[in-house]
Amino acid sequence: MKSYEIARSSRLILLLIYTFISAIFAFIYLTKSNAQQDGCCFENPLFYLNLVTTLCFIVLVHKSISSNHKLIVAFGFLFLFLFLSEISYFIFYGEMISEGVLDSIIETNSQEVMSMTKQALIIIGPAFITTFLIAFILKKIISVKFNIFIPLSLYILMLLVISLFLITNSSIKAEIKRGDYKSTAEIVRRIYPAALGNLSYLFASYTSTDIYSNTHEIEKFNEAILLPPSKPDNDLIVFIMGESSLVTRYSAYGYHKQTTPFMTNIFSQNGGCIISNSHSAAAFTRDSIPMTLSFNVPESDENLFDNKSIIEMAKFNHYKTYWLASAAQQIQGTFNTKFGFIARKSEVITFSEDSLDINLSQSLEDMLQKDNSPKKFIFVHLRGSHQPYTKGYDEIDKQALPDAEAYDLTIHHTDRAIKALYDVINKYSNNYTVIYTSDHGEIVNVGHGIGDNIDQFLIPFMFISTNQRYNCQFIESFRGSDGYLSGLMNKYILSNLLGYEIDQGTLDKEKNNDRVFMPNSRVMPFSKLLNKH
């Protein structure tokens, strides 16, 4: 009888500890994932749902690891590791894992995965060690046993209720019919934030990539485009998209180290301009490029599938289209990625064999030498300053800036790459327009797609044209009332360059509705982001 009382008391104490851990996790999830909008967290029913599902999850993991069946123990170990990885991510970044991060895991190419190994180890290393330690304690020291009928029943019952809601929701049914299951998984993540939610979302994201595999030509133009297009003035349009490039590290914008001497010279000459106060539309490449090269908007992906992209519009107006990128920016073989959906519409798709951007100029020269098409639209995607920074520069950059940190050396390498590309363009054409900007900025030595740090949105924008019609005033006309040029304007700038007129009312409405797509998949006015810093 006495041993029974001790066992019962031990179970109660451990259950209270698990409840306390679950409450802390639920609180962190609501406040750090922005699931809690206004008011007190403890007034939100979602807090108590999260607490219950997390508590059930912890008890089930406890029971699994305590089992005598090796397969069940393995599953318990795996789920505990995933749970602790979420906690490790929060400790390192100060926020919960976002949908954008999970989407990027699915759509990242193998080279980029390998390049991020060190950063991933910082997260999963401590989680793996802690998982072993906790598993050892549960197997060898703590002998408390739980009856899993109640937690398992609650866990499954809530999942069935969610499933019933999803089946009957008309908007979600429409998305599922289109092959997009991510909205469904987002709801599951809100109720099951511990491990199961992330696994569900990863699976949904993976199965949803088929929506990007359609190769048919889209017939419909966006409603902002006035038809028919005029005969274009530009023979060659080159849009160069940098990667993870923070504008405040450019000497062209006042940085104290000479990181961009070539770009400063190129874009300061006649016909060129270095545009200040520019920001990206998103902090992830997978979201930013579609909002540059299609009429995709932060609020919805509908225009991505319903309207012609910039590449299709270029082809419609007799431009031959090219997609040129470094080896590090290769799109997965199936092209089933959000911006791969646009890339595959290009007539020529080429990836360099080397990840260093300086080598892209040779690929561009090969293109221009072999192809006599009178009109060309070329999109160039650089590796730029993506982590790890040590892979983004060479000895020449180190000699030029011997005392500079690694990130600054990647900017210097981008500067050299832009000069090499520009020299080729200038050699083969006397009627061209060149734009250089970046898909997003960078929180230096941390990364991007994290929280609300404004550095991951602040980018350069440089422009040069041999056509006097397209001058600095032309670019300035797209600046919003908040004083910033948004990455959402790229599509309209390119439309004009390709010979299309834009409905002025639509353009004014868009440029004065300056907003960004945040890493947590929410839309925020850029002015609000500015005011936070």
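Calculation notes
Residues numbered from 1 in each chain as written. Predicted model: local features only at pLDDT ≥ 70, side-chain atom pairs only at ≥ 80, totals over all residues. Heavy atoms only, no water. Helix = DSSP H or I, 4+ residues; strand = E, 2+ residues; numbered from the N terminus. Rg over C-alpha atoms; globule rule 2.2 N^0.38 Å. Contact = heavy atoms within 4.5 Å. Areas by Shrake-Rupley, 256 points an atom, 1.4 Å probe, with all protein chains shown as cover. Lys, Arg positive; Asp, Glu negative; His and termini not counted. Charge placed at Lys NZ, Arg CZ, Asp CG, Glu CD. Buried < 20%, exposed > 50% of the residue type's maximum accessible area, 1.4 Å probe, protein only. Pairing = 2+ DSSP bridges. Phe/Tyr/Trp six-rings, centres within 6.5 Å; stacked < 30°, edge-to-face > 60°. Lys NZ or Arg CZ within 6 Å of the ring centre and 35° of its normal. Patch = residues over 30% accessible without salt bridge, like charges linked within 9 Å, V, L, I, M, F, W, Y side chains within 5 Å. Salt bridge = Lys/Arg side-chain N within 4 Å of Asp/Glu carboxyl O. Polar contact = N/O pair within 3.5 Å; in protein donor to acceptor, adjacent residues only side chain to side chain. Expected span 1.5 Å × (residues − 1). Axes fitted to C-alpha atoms, helices over the stretch in contact; angles between N-to-C directions.

Colleague: Looking at this model, I keep getting lost on the overall build of the chain. Mind explaining?
Modeller: For the chain, the count of helices and strands is 22 helices and 12 strands. Taken over the C-alpha trace, the chain has a radius of gyration of 26 Å; the compact-globule value for 533 residues is 24 Å, and the two agree within 12%. Taken over the C-alpha atoms alone, the chain extends approximately 95 × 55 × 40 Å along its principal axes. Summarising the internal contacts of the chain: among those between residues at least 6 apart in sequence, 77% fall at separations of at least 24. Accessible area of the chain: about 23,500 Å², with a carbon and sulfur share of 59%. Of note, the chain has its 45 positive side-chain charges centred 8 Å away from the centre of its 51 negative side-chain charges.

Colleague: Hey, could you run me through the pairing of strand 8 (residues 458–465) in this one?
Modeller: Within a regular strand, the side chains alternate between the two sheet faces. In terms of residue burial, strand 8 counts as a mostly covered element, since 8 of its 8 residues are buried. Residues Leu-458, Pro-460, Met-462 and Ile-464 of strand 8 are buried on one face, and the alternating residues Ile-459, Phe-461, Phe-463 and Ser-465, pointing to the opposite face, are buried as well. Note: strand 3 (residues 272–279) against strand 8, 6 bridges, orientation antiparallel. Bridge pairing in strand 8 links Cys-273 to Phe-463. Pairing of strand 7 (residues 432–438) with strand 8 involves 5 bridges; the strand directions are antiparallel.

Colleague: Before we go on, may I ask you to explain the environment of Thr-184 in this structure?
Modeller: Counting through the fold element by element, Thr-184 comes out in helix 9 (residues 182–191). In sequence terms Thr-184 and Arg-249 are 65 residues apart; their C-alpha atoms lie 40 Å from each other. Beyond its immediate chain neighbours, meaning those up to four positions away, Thr-184 contacts Leu-166, Ile-172 and Ile-176.

Colleague: Can you help me understand the packing of aromatic side chains in this one?
Modeller: Within a pair of aromatic rings, the relevant descriptors are the distance that separates the centres and the angle that separates the planes. Tallied over the full model, the rule gives 26 aromatic pairs. Three or more aromatic residues joined by ring pairs form one cluster here, namely Phe-25, Phe-57, Phe-79 and Phe-83. Note that Lys-308 overlies the ring of Phe-221, its terminal NZ or CZ placed 5.6 Å from the centroid. A cation over a ring is seen here: Lys-345 above Phe-341, with NZ or CZ 4.4 Å from the ring centre.

Colleague: Where do I start with unusual backbone geometry in this structure?
Modeller: Among all residues except glycine, the phi angle is most often negative; among peptide bonds, the trans geometry is most common. Each neighbour pair has its own omega, and for Leu-227 with Pro-228 the value is 0°, a cis peptide bond. Its place among the elements puts Pro-228 in the loop between strand 1 (225–226) and strand 2 (236–242). Omega for the peptide link from Gln-387 to Pro-388 comes to -10°, which places this bond in the cis form. You can see Pro-388 is positioned in the loop between strand 6 (376–381) and helix 17 (395–400). The backbone of Ala-195 shows a phi angle near 65°, a positive value even though the residue is not glycine.

Colleague: Where do I start with a positive patch on the surface in this structure?
Modeller: A contiguous patch of positive charge, built from Lys-63, Lys-139, Lys-140 and Lys-145, is present on the exposed surface. Classification of Lys-63 as partly exposed rests on a relative accessible area of 31%.

Colleague: Is there a simple way to explain the side chain of Ser-67 in this structure?
Modeller: As for its placement among the helices and strands, Ser-67 is situated in the loop between helix 2 (45–65) and helix 3 (70–93). Among the polar contacts made by the side chain of Ser-67, one reaches the main-chain amide nitrogen of His-69 at a distance of 3.0 Å. Excluding residues within four positions of it along the chain, Ser-67 makes contact with Ile-72, Val-73 and Lys-139.

Colleague: When you look at helix 18 (residues 406–428) in this model, what are you seeing that I'm missing?
Modeller: End to end, helix 18 covers 34 Å across 23 residues, agreeing with the expected 33 Å (1.5 Å per residue, within 8%). By the criterion of burial, helix 18 is predominantly enclosed, with 17 of the 23 residues buried.

Colleague: What am I meant to see in the sheet that holds strand 7 here?
Modeller: Sheet strands pair via backbone hydrogen bonds, and the direction of the pair is either parallel or antiparallel. Taken together, 8 strands build an open sheet; the order of strands is 5-4-6-2-7-8-3-9 and the sheet is mixed. Unpaired on one side and paired on the other, strand 5 (348–351) and strand 9 (485–486) mark the two borders of the sheet. Pairing between strand 4 (residues 320–325) and strand 6: 6 bridges, direction parallel. Across the sheet, the residue bridging to Leu-324 is Val-380, located in strand 6. The sheet strands contacting helix 16 (residues 360–370) are strand 4, strand 5 and strand 6, and the helix crosses strand 4 at an angle near 160°. The sheet contacts of helix 20 (residues 490–497) involve strand 2, strand 6, strand 7, strand 8 and strand 9, and relative to strand 7 the element is tilted by about 175°.

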